Amino acid sequence: MLRQFFSYYKPYKTLFFLDFFSAIAGGLMELSFPLIVNYFIDTLLPGRDWGLIIATSIGLFAVYALSSALQYIVTYWGHMLGINIETDMRKSLFDHLQKLSFKFYDNNKTGTLMSKLTNDLMYIGEVAHHGPEDLFIAVMTILGAFGVMLFINWQLALLTFIIMPIVIWLALYFNKKMTKAFTTLNKDIGDFSARVENNIGGIRLVQAFGNEAFEKERFAVNNQRFRVTKLSSYKIMAKNGSISYMLTRFVTLFVLLCGTWFVIRGSLSYGEFVAFVLLTNVLFRPIDKINAIIEMYPRGIAGFKSYMELMETEPDIQDSPDARDVSGLKGNIRYKHVSFGYDDHHNVLNDINLSIQAGETVAFVGPSGAGKSTLCSLLPRFYEASEGDITIDGISIKDMTLSSLRGQIGVVQQDVFLFSGTLRENIAYGRLGASEEDIWQAVKQAHLEELV
C-alpha cells in the first residue's frame, strides 16, 4: 500500500525534495538555538565583549530569518505538493468512475461516492504533505536533540530519555485505535452524504406525499450515528493528547530537578543547564508532530484504502482487445439465446430470441419489473448479457468499441435528467459538436420550438 501511495509523488520529485530538505534545515536550526543560549550565558556574558555579543546576535537573527523563509517554503510549497497529489488522485478516480457500468452504480450510493471524491481525498492530500516529512523530522529532531544532550551531559541525557520508549509505545497504541475509528467515520460520512443526497434529490416526491416527518426520522438516525462515531474518535484523540501532555511536562520537571542536582555538584554549568531545559522544549515539538500524525495519518490511510478499493474495482463491461470502431450501422438487431440477471442467483431474462429489422418500430409491453428496460439496456451494453449474444447488422456488440456502439444509438431515458446549465448545453449533450442548425432541428423534433 505504501508503494502505491508513494507512486503518486513521482511527477513532483523536485517539489518533494524542496519541501523535505527545507523542513530538515529548519529543524536543524531549531537545535542550534539552545547551543547559542549556552554560549551566551557561559562565554559572552562573563566576557562582557559587546562587539562579539552584537555580532552573535546578528548571526542569530540571520538564522531566524533563514528559518522563517524555510518555514514559508514548507507551508506553501509543501501544501502545493499535497494538493497536486490530491488533484491527480481525484482526476484518476473520476476517470475510473466513468468506466464503471450501471451495475456498479446500482450497488453504490451517490453520496458515498461523492464523499470518496471530496472528504477522503482531502485527508489523503494532508497526509501526502505532512506524513513522510513530519515523521522524518520528528525522528531526526529527537535524535538530534538527544545527540546535543549527550554532548552537554551524557548522564542527564540518558536519564531524560528513559521516558521516550513510553511515548513511542503510546503513539503506536493510539495510532491503531485511531485508524479503526476513522475507517468507521469515513463510512458514516458516506452514508450521511447519501441520505442527504437522496432527500434533496427526491424532495418533490417527499413533499408530494407529505413524508417530511418520516425523512427527518431517517436523517436523525444517520446524524446520530455520525455524531457517536466522531465523538469516539475525539475521545481517543483527547486521551492521547492528555497523556502526552502529562508525560512531556513530567520530562521538564524531571530535567529541572536532575539538572539542579548536577549544577550543585558542579558537573553542569548554568549555560548548559538552561540549554538542556530548552532542548527538552525542542523535544516536545517532534512529540507534538507525532501526535498530529496520529490524528491525521489514520484518516489519510483509511481514505487511501477506500480510494484503492474503488480504483481496483474492475469495470465489468469494457472493450475487448480486438474491438473495432463501427459507423453507418443500418440497424438489423438480433438477440440470440440471451439471458440476464442482476445477481448470480436469479435471471430477469431467460433465453430471449428476437429479430428487429432496420426501419421497424417495436414496442415491448408488460408489467413493471418484467424486464422491458433491461432488454433495451443490453443493446448499448449498459448491462452485459450473462448468456447468448446480440448482433447489429451481423456484428456482435462485443466486437464493437463501447463509444462507437453507443454513438450509433439514440436513447430517450425513462427518468428525465437535466444537467446544470443551459437548454442549449442539454440539447447538444447527445452530440457535443452539434451545429446551431442541428440543435434547432432537435428542438423542432421534440416540439419545444415555441417554448425555446
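Residues numbered from 1 in each chain as written. Predicted model: local features only at pLDDT ≥ 70, side-chain atom pairs only at ≥ 80, totals over all residues. Heavy atoms only, no water.

A.B. asks: I tried to follow the overall build of the protein on my own but got confused; where do I start?
C.D. replies: Across its full length, the protein holds 14 helices and four strands. Radius of gyration (C-alpha) of the protein: 33 Å, far over the 22 Å computed for a compact globule of 452 residues. By its C-alpha atoms, the protein is 105 × 45 × 45 Å across when sized along the principal axes. Here the protein holds 452 residues, and 39% of them are scored as buried. Once local pairs closer than 6 in sequence are excluded, the contacts in the protein between residues at least 24 apart make up 76%. Put simply, the protein shows about 27100 Å² of open surface, and 61% of that area lies on carbon and sulfur atoms. (Helix = DSSP H or I, 4+ residues; strand = E, 2+ residues; numbered from the N terminus. Rg over C-alpha atoms; globule rule 2.2 N^0.38 Å. Buried < 20%, exposed > 50% of the residue type's maximum accessible area, 1.4 Å probe, protein only. Contact = heavy atoms within 4.5 Å. Areas by Shrake-Rupley, 256 points an atom, 1.4 Å probe, with all protein chains shown as cover.)

A.B. asks: Teacher, can you tell me more about the packing of helix 2 (residues 13-47) against helix 3 (residues 50-99) here?
C.D. replies: For any two helices packed against each other, the geometry is given by the interaxial angle and the distance between the axes. For the pair helix 2 and helix 3, the least separation of the axes is 8 Å and the interaxial angle reads 155 degrees. It follows that helix 2 is roughly antiparallel to helix 3 by the angle criterion. Relative to helix 3, the crossing made by helix 2 is left-handed. Residue composition of the contact of helix 2 with helix 3, by class: 23 nonpolar, eight polar and two charged. (Axes fitted to C-alpha atoms, helices over the stretch in contact; angles between N-to-C directions. Parallel < 35°, antiparallel > 145°, perpendicular 65-115°, else oblique. Left-handed = near helix turned anticlockwise from the far one by under 90°. Nonpolar A, V, L, I, M, F, W, Y, C, P; charged D, E, K, R; others polar.)

A.B. asks: What am I meant to see in the pattern of salt bridges here?
C.D. replies: In total, this model carries six salt bridges according to the counting rule given. One salt bridge connects Arg 424 with Glu 436, and the closest N-O pair in it is separated by 2.6 Å. You can see Arg 424 sitting in helix 13 (residues 423-427) and its partner Glu 436 sitting in helix 14 (residues 436-445), a full twelve residues away along the chain. By relative accessible area, Glu 436 is classed as partly exposed at 42%. (Salt bridge = Lys/Arg side-chain N within 4 Å of Asp/Glu carboxyl O.)

A.B. asks: Any chance you could explain the pairing of strand 3 (residues 387-392) here in plain terms?
C.D. replies: Moving residue by residue along a regular strand, the side chains alternate between the two faces of the sheet. Here five bridges tie strand 1 (residues 333-340) to strand 3, and the two strands are oriented antiparallel to one another. Bridging from a neighbouring strand, Ile 333 pairs with Ile 392 of strand 3. In this structure, strand 3 lies alongside strand 4 (residues 395-396), joined through two bridges in antiparallel fashion. Bridging across to strand 4, Thr 391 finds its partner in Ser 396. (Pairing = 2+ DSSP bridges.)

A.B. asks: Sorry if this is basic, but what is going on with the sheet that holds strand 2 (residues 349-356) here?
C.D. replies: Spatial ordering of the open sheet is given by 2-1-3-4, a layout of four strands whose pairing is antiparallel. The open sheet has two edge strands, strand 2 and strand 4, and neither has a second partner.

A.B. asks: Got a minute to help me understand the nonpolar core in this structure?
C.D. replies: Within soluble globular proteins, side chains that are nonpolar generally end up buried alongside one another. Within the largest apolar cluster, 37 residues are counted, with the highest numbers of intra-cluster contacts made by Met 149, Ile 152, Leu 268, Phe 276 and Leu 279. Those elements that provide at least two residues to this core are helix 5 (110-152), helix 6 (154-160), helix 7 (164-201), helix 9 (212-265) and helix 10 (270-311). No other element matches the nine residues that helix 9 contributes to this core. The contacts of Met 149, once residues within four sequence positions are left out, are Trp 154, Ala 157, Phe 161, Phe 276, Leu 279, Thr 280 and Leu 283. Judged by nonpolar contacts, the second largest core, of 27 residues, contains Phe 5, Tyr 12, Ile 24 and Ala 128. (Core = buried A, V, L, I, M, F, W, Y, C linked by side-chain atoms within 4.5 Å.)

A.B. asks: Where do I start with the pairing of strand 1 in this structure?
C.D. replies: Bridge count for strand 1 against strand 2 is five bridges, and the pairing is antiparallel. Within the sheet, the bridge partner assigned to Ile 333 lies in strand 2 and is Ile 356.

A.B. asks: Got a minute to help me understand a positive patch on the surface in this structure?
C.D. replies: Taken together, the side chains of Lys 177, Lys 180, Lys 235 and Lys 239 make up a positively charged region of the molecular surface. Structurally, Lys 180 is set in helix 7. Accessibility expressed as a relative area gives 66% for Lys 180, which makes it exposed. (Patch = residues over 30% accessible without salt bridge, like charges linked within 9 Å, V, L, I, M, F, W, Y side chains within 5 Å. Lys, Arg positive; Asp, Glu negative; His and termini not counted. Charge placed at Lys NZ, Arg CZ, Asp CG, Glu CD.)

A.B. asks: When you look at the environment of His 129 in this model, what are you seeing that I'm missing?
C.D. replies: With respect to the element layout, His 129 can be found in helix 5. Judged by its relative accessible area of 2%, His 129 is buried. Once the C-alpha coordinates of His 129 and Leu 81 are considered, the two residues, 48 residues apart in sequence, prove to be 6.2 Å apart. Excluding its chain neighbours within four sequence positions, the residues that come into contact with His 129 are Tyr 9, Asp 19, Val 74, Thr 75, Gly 78, His 79 and Gly 82.

A.B. asks: Would you explain the packing of aromatic side chains in this entry?
C.D. replies: Given two aromatic rings, one states the distance between the centres and the angle between the planes to describe the pair. Going through the model one piece at a time under the given rule, you end up with 21 aromatic pairs. Taking the centre distance of 5.4 Å and the plane angle of 70 degrees together, the rings of Phe 16 and Phe 17 count as edge-to-face. The class of Phe 16 is buried, set by a relative accessible area of 17%. Between Phe 340 and Tyr 383, the aromatic rings sit 5.5 Å apart at their centres with planes inclined by 55 degrees, giving tilted as the arrangement. Of this pair, Phe 340 sits in strand 1 while Tyr 383 sits in the loop between helix 11 (372-377) and strand 3, placing them 43 residues apart in sequence. On the basis of relative accessibility, which here comes to 4%, the residue Phe 340 falls in the buried class. Relative accessible area serves as the criterion here: at 8%, Tyr 383 is assigned to the buried category. (Phe/Tyr/Trp six-rings, centres within 6.5 Å; stacked < 30°, edge-to-face > 60°.)

A.B. asks: Just checking my understanding: could you explain the side chain of Ser 101 for this structure?
C.D. replies: With respect to the helices, strands and loops of the structure, Ser 101 is situated in the loop between helix 3 and helix 4 (102-106). Overall, the relative accessible area of 7% leaves Ser 101 in the buried class.

A.B. asks: Whenever I open this one, the side chain of Ser 306 confuses me. Can you help?
C.D. replies: Relative to the helices and strands, Ser 306 is located in helix 10. Beyond its immediate stretch of four places on either side in the chain, Ser 306 contacts Lys 116 and Asp 120.

A.B. asks: Could you clarify how one ought to interpret empty space enclosed by the protein in this entry?
C.D. replies: One water molecule sets the probe size; rolling that probe over the atoms shows where empty space is left. Going through the model one piece at a time under the given rule, you end up with four cavities of 30 Å³ or more. Roughly 50 Å³ of volume is contained in the largest cavity. Taken together, Leu 378, Glu 384, Ala 385, Gly 388, Asp 389, Ile 390, Ile 397 and Lys 398 form the lining of the largest cavity. Across the lining of the largest cavity, the residue classes tally to four nonpolar, one polar and three charged. (1 Å grid on protein atoms, 1.4 Å probe; cavity = no way out; pocket = protein on both sides within 12 Å on 5 of 7 lines; lining within 4 Å. Points joined across faces, edges and corners; volume = space filled by probe spheres on them.)

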